[in-house]
Amino acid sequence: MNPSNPSAPPSPAAGPSNFVRDIILEDLQTNKYQGRVHTRFPPEPNGYLHIGHAKSICLNFGLAAEFGGKTNLRFDDTNPEKEETEYVDSIMENVKWLGFDWEDRLFYASDYFGQLYQWAVDLIRKGKAYVCDLTADQVRQYRGNLTEAGKPSPYRDRSTNENLDLFERMKNGEFPDGSRTLRAKIDMASPNLNMRDPVTYRILHADHHRTGSTWCIYPMYDFAHGESDSIEKITHSICTLEFEDHRPLYDWYVEQLGIYHPQQIEFDRLNLTYTLLSKRKLLQLVQNGHVRGWDDPRMPTLSGIRRRGYTPEAIRNFCKAIGVSKTNGSIELGLLEHHVREDLNRRSPRVMAVLRPLRLVIDNYPEGQVEEMEAVNNPEDPSAGTRRVPFSRVLSIEQDDFREDPPKQYYRLSPGREVRLRYGYFVTCTHAVKSPAGEVVEIHCTYDPATRGGNAPDGRKVKSTIHWVSAAHSIDAEVRLYDNLFTKEDPNQTEEGQDFIANLNPHSLEVVAGAKLEPSLAGAAAGSRYQFERLGYFAVDSDSSAARLVFNRTVGLKDAWAKIEKRGK
RNA sequence: UGGGACGUCGUCUAACGGUAAGACUGCGGCCUCUGGAGCCGCGUAUCGGGGUUCGAAUCCCUGCGUCCCAGCCA
């Protein structure tokens, strides 16, 4: 897209149209910011980033990139009680991993504490702010409520000099936490509660992750955010819908101060079915041990889904697909999974793995013989080449791939039936061996030597192809299967007196200890991704070691049989 | 009951006064050495009621519904 000619058709690199993009297009056309597009991604370092933040990151970085603009990474660190460097580090890592680059524009609201303080003093001088001695409880009472106007604080008309003196002494640490605040003098009768003399600075004798004990007063979000945007000459300050009510205050501060005025634009935050996207609640899951950490593969955090095996490309494609609007809705989890499969299908090497092994003996196959069968690494990508997989008389197949009494439409192995062993031979089941308890522990087959590699010279067809590993050559692994963390589409929908914890899915993690893998997987590196044929996409977990391979199921393959079976019930 | 915002297929998004389109899902079929992938086809929507207009998802009025706001959190 050529910024000097915004009406030209979007280039192929252009992002999808949305109302924020339209606003930028128009601003470019009217030369509102001299052709500049400068956005920012402003996380508070009080938790890990999640898929909802990815939407914001893609929007902010994507839009700026499209129009040749810039995006700053700015930590909104004005509340020392909740912020930690661990979160700062994870956030930077996540943004990079997602594929975005803030170059040399890494900022912190705390960088601006000095300027912010000066501006607060300006506000006092202009008679637009005052020091208030009301307690938090009293402030609440004076504020009024949704239908009743508030009443002025008794400290509202203090003299400028007294305000200046008191504010400076607040800064100097002379007063205890909560004893006083600096408030903007606006309108206690405003129907917008945010305009009823909002607190601008509060006293907090807390150690800040960057400024230590330098400050004992900290600016509130509304004051710090817009003024930080102004300092950085942000053009479009994109935030979520709940800040819509704050925009008048955002505007008020920059106007009173007479400084550069960025424009705040609000869009709908991401909601995903069966998922919670609230840092507060995710923190609760971590702290109370409902998951194994911020990067638990069941978590919707970027660290979690990355560990699970999701790719940055898939997430970016998803963010592109969901669009941006002001409608409050919920995206189906299935759409995210669709994009994950789509990306993984293209890039994942195929491999054979048996999750729940069943011993299969080919009675007419020579004892002790081993053949190396050639297998395609990725049918979507011929350049991925082939590999050799050992085949022998005793194999492991999936328990699900044998039924003594096959239901209708079940095409896999059963007594008397012939199937193809992928890249192997056609085999016909002769009989099953059962334990005293009656469970099938071993099945016996005969093979057709003429079908080596998986094709019958006589052209006969089989209804199904199943995967296998050679029992003597396979390697062991632990495989972690994940299901939705919550059982309800909306985890917040609960019975009286309960909270979202009640909707936790007790089966969100299933550990399969005795999986058998083809030997090519030996030494697979943490983070590497594979398709286990017919099962799904799996990624080597960070818990994995050479001695003990651990895989996460990223997402299953679409399963037509599962659907048929489910429908039958 | 004050204020702010939002209502288009099951879900999300487009259509900017001129044939309601796409994606996901679902359902059929084709193809297949993954019941994967791919391909083809089908289905369902403008919140209600008035108005303006040759023509309304779009503009106006009105009603209804949903979300957000009463932190010294962001």
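Residues numbered from 1 in each chain as written. Chains lettered and ligands numbered in written order. Predicted model: local features only at pLDDT ≥ 70, side-chain atom pairs only at ≥ 80, totals over all residues. Heavy atoms only, no water.

1. Focus: the overall build of chain A
When helices and strands are tallied, chain A shows 13 helices and 25 strands. For a compact globule of 569 residues, the expected C-alpha radius of gyration is about 25 Å, and chain A comes in at 31 Å, more than 25% above that figure. Here the C-alpha coordinates of chain A stretch approximately 100 × 55 × 40 Å along the principal axes. Evaluated residue by residue, chain A yields a buried proportion of 52% over its 569 residues. The contacts of chain A with a sequence gap of at least 6 include a subset with a gap of at least 24, amounting to 70%. On chain A, roughly 25500 Å² of surface is accessible, and the fraction owed to carbon and sulfur atoms is 46%. The distance from the centre of the 72 positive side-chain charges to the centre of the 80 negative ones in chain A is 3 Å. (Helix = DSSP H or I, 4+ residues; strand = E, 2+ residues; numbered from the N terminus. Rg over C-alpha atoms; globule rule 2.2 N^0.38 Å. Buried < 20%, exposed > 50% of the residue type's maximum accessible area, 1.4 Å probe, protein only. Contact = heavy atoms within 4.5 Å. Areas by Shrake-Rupley, 256 points an atom, 1.4 Å probe, with all protein chains shown as cover. Lys, Arg positive; Asp, Glu negative; His and termini not counted. Charge placed at Lys NZ, Arg CZ, Asp CG, Glu CD.)

2. What about the side chain of Ser474?
Its place among the elements puts Ser474 in the loop between β20 (468-470) and β21 (475-482). Discounting residues that sit within four places of it in the chain, Ser474 has contacts with Val469, Lys516 and Leu517.

3. Observations regarding the protein's contact with RNA strand B
Lining the immediate environment of RNA strand B, one finds 68 residues, of which Ser325, Arg350, Arg420, Gly453 and Gln531 sit closest. The contact atoms of RNA strand B, taken as those within 4 Å of the protein, divide so that sugar and phosphate hold 65%. Measuring from a base oxygen of RNA strand B, one finds a side-chain N or O atom of Arg350 at 2.4 Å. Those elements that place two or more of their residues in the surface near RNA strand B are α5 (136-143), β6 (199-203), α12 (333-347) and α13 (560-568). Broken down by element, the surface near RNA strand B gets its largest block of residues, 5 residues, from α13. (Near = heavy atom within 4 Å. Polar contact = N/O pair within 3.5 Å; in protein donor to acceptor, adjacent residues only side chain to side chain.)

4. Some words on the pairing of strand β5 (residues 181-184)
Each regular strand displays side chains that alternate between the two surfaces of the sheet. Neither face of β5 is exposed, since Thr181 and Arg183 on one face and Leu182 and Ala184 on the opposite face are all buried. Across 3 bridges, the pairing between β5 and β6 is antiparallel. If you follow Leu182 over to β6, its bridge partner there is Tyr201. (Pairing = 2+ DSSP bridges.)

5. Thoughts on the layout of surface pockets
Any space left empty among the atoms is revealed by the rolling of a water-sized probe across them. There is about 1000 Å³ of room inside the second largest pocket. Along the wall of the second largest pocket there are 36 residues; nearest its centre are Glu44, His53, Phe243, Arg269 and Lys279. Secondary structure elements with two or more residues in the lining of the second largest pocket: β1 (38-41), α2 (51-66), α7 (221-231), β8 (236-240) and α9 (279-287). The greatest single-element share of the lining of the second largest pocket, amounting to 4 residues, is contributed by α9. Of the residues belonging to the lining of the second largest pocket, the class tally is 13 nonpolar, 11 polar and 12 charged. Both domains that furnish three or more residues to the lining of the second largest pocket are identified here as domain 1 (33-105 + 238-339) and domain 2 (114-222). (1 Å grid on protein atoms, 1.4 Å probe; cavity = no way out; pocket = protein on both sides within 12 Å on 5 of 7 lines; lining within 4 Å. Points joined across faces, edges and corners; volume = space filled by probe spheres on them. Nonpolar A, V, L, I, M, F, W, Y, C, P; charged D, E, K, R; others polar. Domains from an automatic or database assignment.)

6. Focus on the confidence of the model for chain A
Residues of chain A with pLDDT of at least 70 account for 97%, and the chain-wide mean is 96. In the model output, the complex is listed with pTM 0.96 alongside ipTM 0.97. (pLDDT = per-residue confidence, 0-100.)

7. Observations concerning the environment of Gly536
Tracing the backbone through its elements, the reader meets Gly536 in strand β24 (residues 536-540). For Gly536 and Val291, which are 245 residues apart along the polypeptide, the C-alpha to C-alpha distance reads 23 Å. Excluding anything up to four places from it in sequence, Gly536 contacts Tyr530, Gln531, Val555, Gly556 and Leu557.

8. Thoughts on the packing of α2 against helix α11 (residues 312-322)
Across the interface, α2 lies against α11 with an axial gap of 9 Å and an inter-helix angle of 75°. Judged by the angle between their axes, α2 and α11 are roughly perpendicular. Of the residues in α11, those in contact with Ile51, Ala54, Lys55 and Cys58 of α2 are Ile315, Arg316, Phe318, Cys319 and Ile322. Considered class by class, the residues forming the contact of α2 with α11 number 7 nonpolar, no polar and 2 charged. (Axes fitted to C-alpha atoms, helices over the stretch in contact; angles between N-to-C directions. Parallel < 35°, antiparallel > 145°, perpendicular 65-115°, else oblique.)

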